[in-house]
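# Structural overview
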Amino acid sequence: MTKRGFTYALMTALILGQPALANAPSRSLIPQLRPGTVVQSTVRQTTVPVFYNPSIRPQLRPGTRSVARTVVSAPAATVGFIAASVPGVSRSLIPQLRPAGLAQRRVAQAAATTAAPAGESNAERRRRERDERRAARQRGNQPRRGSVCGDRTIRGEQVASIAGTMRGCGVSNPVRITEIDGVTLTSPATINCDTAQALKTWINEGVRPAVGRLGGGVESIRVIASYSCRTRNNRAGARVSEHGKGNAVDIAGINLKNGADITVLSGWRSNPQRELLRRMHRSACGPFGTVLGPDADRYHQDHFHFDVANHGSGPYCR
């Protein structure tokens, strides 16, 4: 076929839509597996290093206090390597603080386990544990040296019985108190334990709440009278005073930690001490059976009189 004839045939084929050279292949040219061949699927496993950066942990907001633990941040250049086979961090990498008293609890548990006799019945075990708890409470209630009235917070000394110089006076078990629950008495008060306990209640439930943080708080109580074998207000022919029985104490003022003071004489009718003193006066009515102040009579213009006398009908407070 000449060149001109080939060109003519090609153009005729393109115009008529017929193949010019050859038919397209009837199957893929990619080599196929032979029949009966087993295909094994192979998954490629790749170990990829994962680096743990401590800085990605949630941080506290500015100004937030951390109460339970203190976290020491690692240097920025320090990283920890975790194998790719680990799906994630299952627990915190930061060491946790041990619970408070863990060692003591373990020792106590071990001692309790070893102390239990072999073959002990449940009733015997409960009885033994009850006795151990009672003994522990008794050990904890033992007053420290220098404490009196069976109260660790009441400091002073036991003194010999006082025989009165007149009928109706005297104290069978007197104590000389120098400090109550951290509050010093400016003069030791010779009283009985009932009066000491009432004074402690008044200090903690009346004086301290009234003063609060004023002047740094309560430093001492100004005591001007305690045991004294005399009649009421030193009047001739009057009944024996509660002071003559160890039942009474006279308070002239409160000294604060910054050196300031609150006095009954100058503060009862003047601000700003007026409300503080009146609040203290009211709070004493209950712990004490008798509470007298400047509004009672002319004998109590400069102090509070407190005693634990039982009036039958309730406290007498003026």
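Predicted, not measured: the structure shown is a model, and the values here were computed from it.

What counts and what doesn't
- By convention here, each chain's residues receive numbers from 1 onward along its written sequence.
- With pLDDT at 70 or above as the cut-off, local features in this predicted model cover only qualifying residues; side-chain atom pairs require 80 or more to be listed or tallied, and sums for whole chains, interfaces and linings still use all residues.
- The basis for every side-chain value is the complete set of non-hydrogen atoms in the structure, without hydrogens or water.
- The definition of a nonpolar core used throughout is a set of buried Ala, Val, Leu, Ile, Met, Phe, Trp, Tyr and Cys residues joined through side-chain atoms within 4.5 Å.
- Any residue under 20% of the maximum accessible area for its type is buried, any over 50% is exposed, and the rest in between are partly exposed; the area is computed with a 1.4 Å probe on protein chains only.
- Put simply, DSSP H or I for four residues or longer makes a helix, DSSP E for two residues or longer makes a strand, and each gets a number counted from the N terminus.
- Residues count as neighbours in contact if any of their non-hydrogen atoms are within 4.5 Å of one another.
- To estimate the expected span of a helix, count its residues, drop one, and scale the result by 1.5 Å.
- Note that bend, as reported per residue, equals the angle between axes fitted to the 7 residues terminating at that residue and the 7 residues originating from it.
- All axes are obtained by fitting lines to C-alpha atoms, using only the stretch in contact for helices, and the reported angles, taken between N-to-C directions, cover 0 to 180 degrees.
- Every angle not falling under 35 degrees, over 145, or within 65 to 115 is termed oblique; those three ranges are roughly parallel, roughly antiparallel and roughly perpendicular.
- In a left-handed crossing the near helix is turned counterclockwise from the far helix by less than a right angle, and in a right-handed crossing that turn is clockwise.

## Observations regarding the nonpolar core
Ranked by size, the top nonpolar core spans 35 residues in total, and within it Ile177, Trp202, Ile221, Ile254, Met280 and Phe306 carry the most contacts. When contributions to this core are tallied by element, the ones reaching two or more residues are strand S7 (175-180), strand S8 (183-191), helix H4 (193-211), strand S9 (218-225), strand S10 (248-256), helix H6 (273-284) and strand S13 (304-307). In terms of residue count, H4 provides more of this core than any other element does, 8 residues in total. Among residues more than four places away in sequence, those in contact with Ile177 are Val148, Ile154, Arg155, Gly156, Leu185, Ser187, Pro188, Ala189, Ile191 and Ala196.

## Focus: H4
The terminal C-alpha atoms of H4, which comprises 19 residues, lie 25 Å apart, in line with the 27 Å expected from a rise of 1.5 Å per residue. If you look at H4, its biggest bend is around 35°, right at Ile203. Within H4 the residues assigned to the buried category are Thr195, Ala196, Ala198, Leu199, Lys200, Trp202, Ile203, Gly206, Val207, Ala210 and Val211. In the stretch just after H4, Gly212 is the one whose phi turns positive, near 60°.

## Looking at the packing of H4 against H6
Two numbers describe how H4 lies on H6: the axes approach to 9 Å, and their chain directions differ by 160°. Looking at the two axes, H4 sits roughly antiparallel to H6. Read as a crossing pair, H4 and H6 show a hand that is right-handed. Listed contacts from H6 to Trp202, Glu205, Gly206, Val207, Pro209, Ala210 and Val211 of H4 are Leu276, Arg279, Met280, Ser283 and Ala284.

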